[in-house]
Amino acid sequence: MRVIEQNSLGLDVAYIKLDKSYTLAEDRPIRSPDDAVAAIAEALKELDREVVCMVTLKSDNTPINASVISVGTLDVAVVYPREVMKMSILSNATKIMLFHNHPSGGALPSIQDIQLTDRIKQCCDLMDITFLDHIIIGAMSKEWFSFNEKGMIKPFDLKYAKNIDDINLNDTAAIDNVEELAKPVELVAEEQKTYHNTHRR
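The model shown is predicted, which means the values in this text are computed figures rather than measured ones. Residue indices begin from 1 for each chain and proceed along its sequence in written order. Totals for whole chains, interfaces and linings use all residues, but because this is a predicted model, local features are given only for residues with pLDDT of at least 70 and pairs of side-chain atoms are given and counted only at 80 or more. In computing side-chain values, all of the structure's heavy atoms are included and hydrogens and water are not.

Undergrad: Teacher, can you tell me more about the overall build of the protein chain here?
TA: In this description a helix means any DSSP run of H or I spanning at least four residues, a strand means any run of E spanning at least two, and both kinds are numbered starting from the N terminus. Within the protein chain, the regular secondary structure consists of four helices and 10 strands. From first element to last, N terminus to C terminus, the protein chain shows the α and β order β-β-α-β-β-β-α-β-α-β-β-α-β-β. Each residue gets one of three labels from its accessible area relative to the maximum for its type: buried under 20%, exposed over 50%, partly exposed in between, using a 1.4 Å probe on protein chains only. Considering the protein chain as a whole, with its 201 residues, one finds that 41% of them fall into the buried category. Contacts: residue pairs with any heavy atoms within 4.5 Å of one another. In the protein chain, once contacts between residues fewer than 6 apart in sequence are set aside, the share between residues at least 24 apart is 70%. A total accessible area of about 12,100 Å² is found for the protein chain, and carbon and sulfur atoms account for 51% of it. Note that accessible areas follow from Shrake-Rupley with a 1.4 Å probe, and for residues the cover is restricted to the protein chains shown.

Structure, rendered in structure tokens:
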């Protein structure tokens with residue numbers, strides 16, 4: 001934020017501008033979690049609030065763009081799966097990666113982080129978009145956590161109708177599942193119980 005003038009009441013008039021001091025994603029393909037962290041960690045680790053962003057990629061893993069999906073507070077960010085899918089489609093992406101930071105500490109995923117990862121994976125499978133990874137960046141540290149590296153991104157078992165008799169538009173379980181996928185997830189940065197250790201660098 002930069003002060004540019006004072007108004008007639010003696011109050012500072014300020015404006016906020018985009019700081020383009022680094023590039024979020026480079027033109028080179030992202031082949032591993034290390035590549036992904038190198039592409040975006042610097043942009044997230046020093047932020048003072050929880051920010052969720054995504055990188056869309058071509059079929060050869062070359063980044064298309066990086067987009068901010070949600071800006072929250074010190075320990076909370078709300079993510080709508082539709083915003084993730086909208087950017088994926090608008091970018092003509094065949095693959096996506098999700099990132100968010102933990103301003104309050106390390107990179108261990110919370111229960112909400114795990115729920116979001118599962119929900120986005122299911123949405124991507126329905127849209128035939130590959131969900132490569134969800135990476136959490138620790139605040140002001142070299143800690144990060146890759147869901148893919150820990151084997152936590154599982155294949156989603158899609159069952160397609162093989163004939164007309166398999167289609168049941170009154171299937172309430174299927175309707176409930178679609179409605180559940182569309183719900184926002186409130187990420188909480190507080191470190192909660194997890195089944196995996198933090199990946200350290």
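Undergrad: Quick question: what am I supposed to make of helix α2 (residues 81-90) here?
TA: Side chains that are three or four residues apart share a direction in an α-helix, a result of its 3.6 residues per turn. P81, V84, M85 and S88 are the residues of α2 that are buried. Buried residues of α2, viewed axially, fall in a sector of 90°; they line one side. Away from the buried face of α2 by more than 90 degrees, exposed residues R82 and L90 are located. Two residues or fewer past α2, N92 is found with a positive phi of approximately 55°. The arc in question is the one spanned by the directions pointing from the helix axis to the C-beta atoms.

Undergrad: Just checking my understanding: could you explain the pairing of strand β8 (residues 143-146) for this structure?
TA: A regular strand places its side chains so that they alternate between the two faces of the sheet. Neither face of β8 is exposed, since E143 and F145 on one face and W144 and S146 on the opposite face are all buried. Paired strands, in this sense, are two strands between which DSSP finds at least two bridges. With three bridges connecting them, strand β7 (residues 130-138) and β8 associate as antiparallel partners. Across the sheet, I136 pairs through a bridge with F145, a residue of β8.

Undergrad: Just checking my understanding: could you explain the environment of A36 for this structure?
TA: For A36, the location among the structural elements is in helix α1 (residues 33-44). Judged by relative accessible area, which is 1%, A36 ranks as buried. As a C-alpha pair, A36 and H134 span 98 residues in sequence and 9.9 Å in three-dimensional space.

Undergrad: I tried to follow the nonpolar core on my own but got confused; where do I start?
TA: In globular proteins that are soluble, nonpolar side chains generally tend to be buried together. Side-chain atoms within 4.5 Å are what join buried Ala, Val, Leu, Ile, Met, Phe, Trp, Tyr and Cys residues into a set we call a nonpolar core. Among the nonpolar cores identified, the biggest contains 22 residues, and V84, I96, L98, I120, C124 and F131 are the most heavily contacted of them. Top contributing element to this core by residue count: helix α3 (residues 111-127), with four residues. With 17 residues, the next largest nonpolar core counts L44, C53, M97 and L132 among its residues.

Undergrad: Would you explain the pairing of strand β4 (residues 63-71) in this entry?
TA: Judged from the seven bridges that link them, strand β3 (residues 51-57) and β4 form a sheet pairing that is antiparallel. Bridge assignment links C53 to a residue of β4, and that residue is V68. Hairpin remark: β3 followed by β4, antiparallel, with five residues in the connecting loop; positive phi at N61, about 70°.

Undergrad: Any chance you could explain the packing of α2 against α3 here in plain terms?
TA: Direction vectors running N to C along α2 and α3 enclose 40°, while the axes themselves pass 10 Å from each other. Compared by their axis directions, α2 and α3 come out oblique. In this structure, α2 meets α3 at a crossing whose hand is right-handed. Each of P81, V84, M85 and I89 in α2 lies in contact with α3, whose residues at this interface are R119, I120, C123, C124 and M127. Per-class residue counts for the contact of α2 with α3 are eight nonpolar, no polar and one charged. Lines fitted to C-alpha atoms define the axes here, with helix axes fitted over just the stretch in contact, and angles between the N-to-C directions of these axes take values from 0 to 180 degrees. Working rule for angles: under 35 degrees goes down as roughly parallel, over 145 as roughly antiparallel, 65 to 115 as roughly perpendicular, anything else as oblique. By definition, any crossing whose near helix is turned counterclockwise from its far helix by less than a right angle is left-handed, and any crossing with a clockwise turn is right-handed. For this scheme, ten residues count as nonpolar: Ala, Val, Leu, Ile, Met, Phe, Trp, Tyr, Cys and Pro. Four count as charged, namely Asp, Glu, Lys and Arg, and the remainder, Gly too, count as polar.

This is a description of form; function is not addressed.
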